[in-house]
Amino acid sequence: MSASRYTYLGPAGTFTEAALRTLPEAATRELVPMVSVPAALDAVRAGEAAGALVPIENSVEGGITTTLDELAAGGHLMIYREVLLPIAFALLARPGTELSDVKTVTGHPAAQAQVRKWLGQHLPEAVWESAASNADGARLVQEGRYDAAFAGEFAAATYGLTPLVTDIHDAQNAATRFVLVGKPARPAARTGADKTSVVLWLRENHPGALLELLQEFAGRGVSMMRIESRPTGEGIGQYCFSVDCEGHITDRRVGEVLMGLKRICQDVRFLGSYPRADEVVAEVRPETDDDAFLAASDWLTRCLDGRA
């Protein structure tokens, strides 16, 4: 049964569910909402689901810390797909509610950052209370706990609410990135437009330690797409680094980077190589493409054989 089940950050009506339904394989899976990101991921770890779709980054606030920390510190999981979903919010309320009636609002904390200016302009006196998800905020409005919730307009029908205002977003082209996570196995096949994710722990925090990490990427022509520090929980100043870079582990330049990081880091957690949702192909300089690495390896072999 677990092989036919995907979990996601619920309840029903979240942006995560909307993102999950864009995947072709979702049509043949049982989609199970979970109360939190850790719960969705733990179902995969326990073998109760084949995969979980969870938010990992948004274009306004950056990384979703709960997901980043779960992938870094929880039982090892890997990313196999990513989804980019444009985000615009609707202010949902019970039927008969007017905008002037709204005194309390709710939604996911990441939503607050994306509607803060609108809220200040149109409902400056409204009190914000965070919910576990935007859809959960809609459920709380349905139950009478709050006057209105910021959620996807598609959640209105699920919870019997009315959109008071639609297409709310402080930033144009706002989007959230989601990842489909499963148990560790062979990485997704190389497509030519790929991304690789890792978590890095420094061996020791000395001057230039972060620069040494960056040089592993720069020296091999691998572009870093995201780097975020996260506390390890072992004390003030103790951090690990969550990194996305262009390319696939089977690309010579990326494989060389990973080997270099493994040499200099205390630990490296490989989170997967997978297709980029935007399908952008990396621009690779001639001196760092696979042919260049193969030629250099062949030259070294000939040196060892006395044929240089």
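Located above this text is the structure these notes cover.
Cut-offs applied
- Residues numbered from 1 in each chain as written.
- Predicted model: local features only at pLDDT ≥ 70, side-chain atom pairs only at ≥ 80, totals over all residues.
- Heavy atoms only, no water.
- Axes fitted to C-alpha atoms, helices over the stretch in contact; angles between N-to-C directions.
- Helix = DSSP H or I, 4+ residues; strand = E, 2+ residues; numbered from the N terminus.
- Parallel < 35°, antiparallel > 145°, perpendicular 65-115°, else oblique.
- Left-handed = near helix turned anticlockwise from the far one by under 90°.
- Contact = heavy atoms within 4.5 Å.
- Nonpolar A, V, L, I, M, F, W, Y, C, P; charged D, E, K, R; others polar.
- Expected span 1.5 Å × (residues − 1).
- Buried < 20%, exposed > 50% of the residue type's maximum accessible area, 1.4 Å probe, protein only.
- Patch = residues over 30% accessible without salt bridge, like charges linked within 9 Å, V, L, I, M, F, W, Y side chains within 5 Å.
- Areas by Shrake-Rupley, 256 points an atom, 1.4 Å probe, with all protein chains shown as cover.
- Salt bridge = Lys/Arg side-chain N within 4 Å of Asp/Glu carboxyl O.
- Polar contact = N/O pair within 3.5 Å; in protein donor to acceptor, adjacent residues only side chain to side chain.
- Core = buried A, V, L, I, M, F, W, Y, C linked by side-chain atoms within 4.5 Å.

**Student:** Before we go on, may I ask you to explain the packing of helix α7 (residues 209-218) against helix α8 (residues 252-264) in this structure?
**Tutor:** Between two packed helices, both the angle of their axes relative to each other and the distance between the axes serve to describe the pair. As a packed pair, α7 and α8 sit with axes 9 Å apart at the nearest point and diverge in direction by 160 degrees. Here α8 runs roughly antiparallel to α7, going by the angle between their axes. Here α7 runs over α8; the crossing is right-handed. Two secondary-structure elements touch here, α7 through Glu212, Leu213, Glu216 and Phe217 and α8 through Val257, Gly260, Leu261, Arg263 and Ile264. Broken down by class, the residue content of the contact of α7 with α8 amounts to 5 nonpolar, 1 polar and 3 charged.

**Student:** Could you clarify how one ought to interpret α8 in this entry?
**Tutor:** A turn of α-helix holds 3.6 residues, and therefore any two residues three or four places apart point the same way. For α8, built from 13 residues, the straight-helix expectation of 18 Å at 1.5 Å per residue is met to within 8% by its first-to-last C-alpha distance of 19 Å. Buried within α8 we find Arg253, Val254, Gly255, Val257, Leu258, Gly260 and Leu261. Of the surrounding secondary structure, the elements contacted by the buried residues of α8 are β12 (194-202), α7, β14 (239-246), β15 (265-275) and α9 (290-304).

**Student:** Please clarify how a nonpolar patch on the surface should be interpreted in this entry.
**Tutor:** Together, Leu210, Leu211, Leu214 and Ile227 make up a nonpolar patch on the protein surface, roughly 300 Å² of accessible area in all. The dominant element in the nonpolar patch, judged by the number of residues it contributes, is α7, at 3 residues. With respect to the helices, strands and loops of the structure, Leu210 is situated in helix α7.

**Student:** Got a minute to help me understand the side chain of Thr67 in this structure?
**Tutor:** The topology assignment puts Thr67 in helix α3 (residues 65-73). Reaching out from Thr67, the side chain makes a polar contact with the backbone oxygen of Pro55 at a distance of 2.6 Å. In this view, Thr67 contacts Val37, Val54, Pro55 and Ile56; residues no more than four positions away in its chain are not counted.

**Student:** Sorry, what's going on with the nonpolar core here?
**Tutor:** Soluble globular proteins tend to bury their nonpolar side chains together. Residues Leu20, Leu53, Phe89, Leu91, Val105, Leu123 and Phe150 are the most contacted members of the largest nonpolar core, which totals 29 residues. Broken down by secondary-structure element, the contributors of at least two residues to this core are β1 (5-9), α1 (15-20), β5 (78-86), β6 (89-93), α4 (109-122), β9 (148-151) and β11 (175-182). Those residues in contact with Phe89, other than ones at most four positions away along the chain, are Phe15, Ala111, Gln114, Val115, Asn134, Phe150, Ala151, Val165, Thr166, Asp167 and Ile168. By size, the runner-up hydrophobic cluster in this structure holds 23 residues, among which are Leu9, Ala49, Ala188 and Cys240.

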